[in-house]
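# Observations on the model geometry
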Amino acid sequence: MSAFKQRVFSGVQPSGNLTLGNYLGAIKNWVGLQDSYETIFCVVDLHAITTWQEPEVLRNATREVAAGMIASGVDPKKSIIFNQSQVSAHAELAWIFNCVARMGWLNRMTQFKEKAGKHKERASVGLYVYPDLMAADILTYLATHVPVGADQKQHLELTRDIAQKFNNDYGVNFFPEVEPLIFGAATRVMSLRDGTAKMSKSDPSENSRINLTDDRDSIAKKIRKARTDSEPLPGTLEGLEGRAEAMNLINIFAALSEREAKDICQEYEGKGFAEFKNDLADLSVSVLGPISEEMSRLMGDKSYLDSILREGARNADEIATPILKQAQDIVGLLRP
Ligand code: AQP
């Protein structure tokens, strides 16, 4: 039995509209964890500023991500919901981790390579050390489980490396080995325009993604316009090999309907995409429509959202600060 309390931590950046990828890969999965773990969910605004954000847009997006979590079923009475910059322990522990992590480890991070692109000398230093801050987000709560999409697996491995090196360097068993929770039928939702690219908030094409703020009409239109091939649907998962767009839509269908992808294949065997997309559009609208409407209602009540974030930050700080202090003591930082 682990000496660590079972605690879940996860976050989303307020770097644009929440997407169906954020919902199926992360937020939807958080909802069911609230009854079996102590759960802490964070709007990671310090991560968002690793790439330029217009200040007023960032403030709005921070509230909107909180609204998206609540509208999706994250319950402020069961979970701590707050934004990262209100709890200074994240940034303080991240500095210690900047001194623990090795350049060679960060050089291997594929997300930095993808986001910095060809001009990495022009990327912010913050973007480079993003995984150290993510490790601090998790470990300043001694969280044991982290529900994320498949794209975050490498960063969670780095979090484990940092925890292990810290424990080894200082001869302690202070930070736990965190476990990624990557589950659901759509752990990597792909762009609706290109089945080989991840659906992302920052994709310049609006039609590449479904935003959680999209109204019912836009959701249905984007699904109907989604890129596909000209073959009928196969009856098995093997038949989806080499058909990235078809596989993506089947996975989205399975995740939204909470069914197995193989059963969806069986049901639509030999059918064309027009019929399948009609059904997927109806399903998407029935699941996402109410979330979008609740988000817009919540966005009309900013003082309620701010009170949730304030209260959440107070509760998060109560857990994080004593843990940070212990880490500082272990390192030898004097606080007389
Ligand atoms: N396409 C996706 N499929 C499955 N899961 C996804 N996640 C993001 N995109 C997908 C998961 O959502 C959580 C929050 O992600 P994030 O906002 O912190 O960062 P990200 O992964 O960089 O998301 P985006 O949408 O791609 O943002 P931008 O465009 O700003 O970089 C994570 O658990 C992530 O796995």
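Residues numbered from 1 in each chain as written. Predicted model: local features only at pLDDT ≥ 70, side-chain atom pairs only at ≥ 80, totals over all residues. Heavy atoms only, no water.

A word on the overall build of the protein. Across its full length, the protein carries 14 helices and five strands. For 336 residues, the compact-globule estimate of 2.2 N^0.38 gives 20 Å, and the protein sits close to it at 21 Å. Along the three orthogonal principal directions, the C-alpha set of the protein runs to about 70 × 45 × 45 Å. The buried share of the protein, taken over its 336 residues, is 50%. When contacts within the protein are restricted to residue pairs at least 6 apart in sequence, those whose partners lie at least 24 apart make up 77%. (Helix = DSSP H or I, 4+ residues; strand = E, 2+ residues; numbered from the N terminus. Rg over C-alpha atoms; globule rule 2.2 N^0.38 Å. Buried < 20%, exposed > 50% of the residue type's maximum accessible area, 1.4 Å probe, protein only. Contact = heavy atoms within 4.5 Å.)

Let us now look at the pairing of strand β3 (residues 79–83). Burial of β3 is extensive: five of the five residues sit out of reach of the surface. The two faces of β3 match: S79, I81 and N83 on one face and I80 and F82 on the other face are all buried. Where strand β2 (residues 38–43) meets β3, five bridges bridge the pair, whose relative direction is parallel. Bridged to C42 within β3 is F82. (Pairing = 2+ DSSP bridges.)

In this section: the site of the ligand. Around the ligand there are 21 residues in total, and K115, D151, S200, K201 and S202 lie nearest to it. G21 is positioned such that a nitrogen or oxygen atom in its backbone is 3.2 Å from a nitrogen atom of the ligand. Taking N22, its side chain carries an N or O atom lying 3.1 Å from an oxygen atom of the ligand. In the complex, the protein chains occlude 97% of the 650 Å² of accessible area that the ligand would expose alone. (Near = heavy atom within 4 Å. Polar contact = N/O pair within 3.5 Å; in protein donor to acceptor, adjacent residues only side chain to side chain. Areas by Shrake-Rupley, 256 points an atom, 1.4 Å probe, with all protein chains shown as cover.)

It is worth spelling out helix α8 (residues 130–139) at this point. Counting buried residues in α8 gives ten out of ten residues, a clear majority hidden from the surface. Within the span of α8, buried status applies to Y130, P131, D132, L133, M134, A135, A136, D137, I138 and L139.

Assigned domains within the protein: domain 1 (7–186 + 302–331) and domain 2 (190–297). Domain 1 puts 21 residues into the contact, and the matching count from domain 2 is 21 residues. Carbon and sulfur atoms make up 68% of the area that domain 1 and domain 2 hide from each other, which totals about 1,800 Å². Across the contact surface, domain 1 and domain 2 share two salt bridges. Notably, a salt bridge pairs K28 with E258, separated by 2.5 Å at the nearest N-O pair. Secondary-structure elements contributing two or more residues to the side of domain 1 that touches domain 2 are α1 (20–33) and α3 (55–71). For the side of domain 1 that touches domain 2, the element with the highest residue contribution is α1, accounting for six residues. Among the residues forming the side of domain 1 that touches domain 2, the class breakdown is nine nonpolar, nine polar and three charged. (Domains from an automatic or database assignment. Buried area = accessible area lost by both parts, 1.4 Å probe. Salt bridge = Lys/Arg side-chain N within 4 Å of Asp/Glu carboxyl O. Nonpolar A, V, L, I, M, F, W, Y, C, P; charged D, E, K, R; others polar.)

With respect to the helices and strands, the residue S79 is situated in strand β3. Here the side chain of S79 touches Q34 through a polar contact of 2.8 Å, side chain to side chain.

Attention now goes to the pattern of salt bridges. For the structure shown, the criterion picks out 21 salt bridges. When the shortest N-O distance is used, the salt bridge between R335 and D329 registers 3.0 Å. The exposure class assigned to R335 is partly exposed, which follows from its relative accessible area of 37%. The class of D329 is partly exposed, set by a relative accessible area of 49%. When salt bridges that share partners are traced, they join E206, R209, D214 and K222 into one network.

Soluble globular proteins tend to pack their nonpolar side chains together in the buried interior. L20, L24, I252, L256, F276, L280 and L288 are the most contacted members of the largest nonpolar core, which totals 59 residues. Sort the elements by how many residues they give to this core and helix α13 (residues 273–299) lands first, with eleven residues. Each of domain 1 (7–186 + 302–331) and domain 2 (190–297) accounts for three or more of the residues forming this core. Those residues in contact with L288 that lie beyond four places of it in its chain are L20, Y23, I210, L212, I219 and L256. (Core = buried A, V, L, I, M, F, W, Y, C linked by side-chain atoms within 4.5 Å.)

The topology assignment puts R209 in the loop between β5 (179–181) and α10 (216–225). According to the relative accessible area criterion, R209 is buried, its value standing at 6%. At 3.3 Å, the side chain of R209 and the backbone oxygen of K201 are in polar contact. Discounting chain neighbours no more than four positions away, the residues touching R209 are T19, L192, M199, S200, K201, S202, D203, D214 and K222.

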